[in-house]
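# Summary of the model geometry
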Amino acid sequence: MDLYNFIKALHLIFVITWFAGLFYIVRLFVYQIEGQNKPSPEKEILGAQYKIMTYRLWYIITWPSAILATLFALALLHLNPAWVSMSWMQVKLGFVLLLFAYHFKCHQIYKQLQNDDIRYTSNFMRLWNEGATIILFAVVFLVILKNAIDWIYGVIGIVAFSVLIMLGFKFYKNLRRKNNS
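The structure presented is a predicted model; accordingly, all values stated were derived computationally and were not measured.

This part covers the overall build of the protein. Across its full length, the protein holds five helices and zero strands. In sequence order, the secondary structure elements of the protein are arranged as α-α-α-α-α. Residues classed as buried in the protein amount to 33% of the 181 residues present. Here the protein holds 17 positive side-chain charges and 8 negative ones, and the gap between their average locations is 5 Å.

Structure, rendered in structure tokens:
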């Protein structure tokens, strides 16, 4: 059906832009937090610039993408309500709820940083950024494999990969610190 595929394509486009916004907003949080440790006037200049960048990303790309992805998903489920009874879709919808929780937490952090209220370290934000990646892997494996169990292997793989990346980052940081001493 052409209408179904058209809506599916739009859903996918806005899911991609939603995730792109979530990935980039947390990276901007890292920069914004690290910018607060700079001396004046660099601190103030960077702070003002990051506030503008996060505002534009959050309200022009990320929020609209989340809303449009959701509306197109609801349209798809309306056109094919049988999907909801399938176990893989139920698990996927659970991850979508988790994604919204992640999104709302990012919104809370965004508002705090807009008010110069820094509650997290840049290293925490780097770890936080992995949350969206894990959700993305789980959802993609669920949609492609259409199996409520096999997605676990993909998520285990990305978690293991993330741990290796973090260990590598820590190793490199220690090596840099040792070489600068």
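Scanning all chains against the criterion turns up 16 aromatic pairs. A centroid spacing of 5.9 Å and a plane angle of 45 degrees characterise the contact between F19 and F23, whose relative ring orientation is tilted. Within this pair, F19 and its partner F23 are both found in helix α1 (residues 2–35), separated by four residues, close to a single helical turn. Geometrically, the ring pair formed by Y59 and Y110 is edge-to-face, given 5.7 Å between the ring centres and 75 degrees between the ring planes. Here Y59, found in helix α2 (residues 42–79), pairs with Y110, found in helix α3 (residues 87–114); they are 51 residues apart in sequence, far enough to count as distant. One aromatic cluster in this structure is built from W18, F19, F23, Y55, W58, Y59, W63, F100, F104 and Y110. Above the ring of W88, the side-chain terminus of K146 is found at 5.0 Å from the ring centroid.

Attention shifts here to a positive patch on the surface. Residues K170, K173, R176 and R177 make up a contiguous surface patch of positive charge. Here R177 lies in helix α5 (residues 151–180).

On to unusual backbone geometry, then. Across the junction of S40 and P41, the peptide omega takes the value 0 degrees, indicating a cis bond. Located in the positive-phi region is D116, a residue other than glycine, with phi close to 55 degrees. The residue D116 is located in the loop between α3 and α4 (122–145) in this model. Take D116: its relative accessible area is 47%, and that puts it in the partly exposed class.

Helix packing for two helices is described by the angle between their axes and how far apart those axes are. Relative to each other, α1 and α3 sit at 35 degrees, their axes nearing to 11 Å. Crossing of α1 against α3: the hand is left-handed. Contacts between α1 and α3 involve H11, W18, F19, L22, V26, F29, Q32 and I33 from the former and K92, L99, F100, Y102, H103, C106, I109, Y110, L113 and Q114 from the latter. Class assignment of the residues belonging to the contact of α1 with α3 gives a composition of 13 nonpolar, four polar and one charged.

What follows deals with the side chain of S65. Tracing the backbone shows S65 in helix α2. The exposure class assigned to S65 is buried, which follows from its relative accessible area of 5%. Polar side-chain contacts of S65 include one of 2.7 Å to the side chain of T17. In this structure the side chain of S65 is engaged in a polar contact, spanning 2.6 Å, whose partner is the backbone oxygen of I61.

Reading the values: rules and limits
- Residues numbered from 1 in each chain as written.
- Predicted model: local features only at pLDDT ≥ 70, side-chain atom pairs only at ≥ 80, totals over all residues.
- Heavy atoms only, no water.
- Helix = DSSP H or I, 4+ residues; strand = E, 2+ residues; numbered from the N terminus.
- Buried < 20%, exposed > 50% of the residue type's maximum accessible area, 1.4 Å probe, protein only.
- Lys, Arg positive; Asp, Glu negative; His and termini not counted.
- Charge placed at Lys NZ, Arg CZ, Asp CG, Glu CD.
- Phe/Tyr/Trp six-rings, centres within 6.5 Å; stacked < 30°, edge-to-face > 60°.
- Lys NZ or Arg CZ within 6 Å of the ring centre and 35° of its normal.
- Patch = residues over 30% accessible without salt bridge, like charges linked within 9 Å, V, L, I, M, F, W, Y side chains within 5 Å.
- Areas by Shrake-Rupley, 256 points an atom, 1.4 Å probe, with all protein chains shown as cover.
- Salt bridge = Lys/Arg side-chain N within 4 Å of Asp/Glu carboxyl O.
- Axes fitted to C-alpha atoms, helices over the stretch in contact; angles between N-to-C directions.
- Left-handed = near helix turned anticlockwise from the far one by under 90°.
- Contact = heavy atoms within 4.5 Å.
- Nonpolar A, V, L, I, M, F, W, Y, C, P; charged D, E, K, R; others polar.
- Polar contact = N/O pair within 3.5 Å; in protein donor to acceptor, adjacent residues only side chain to side chain.

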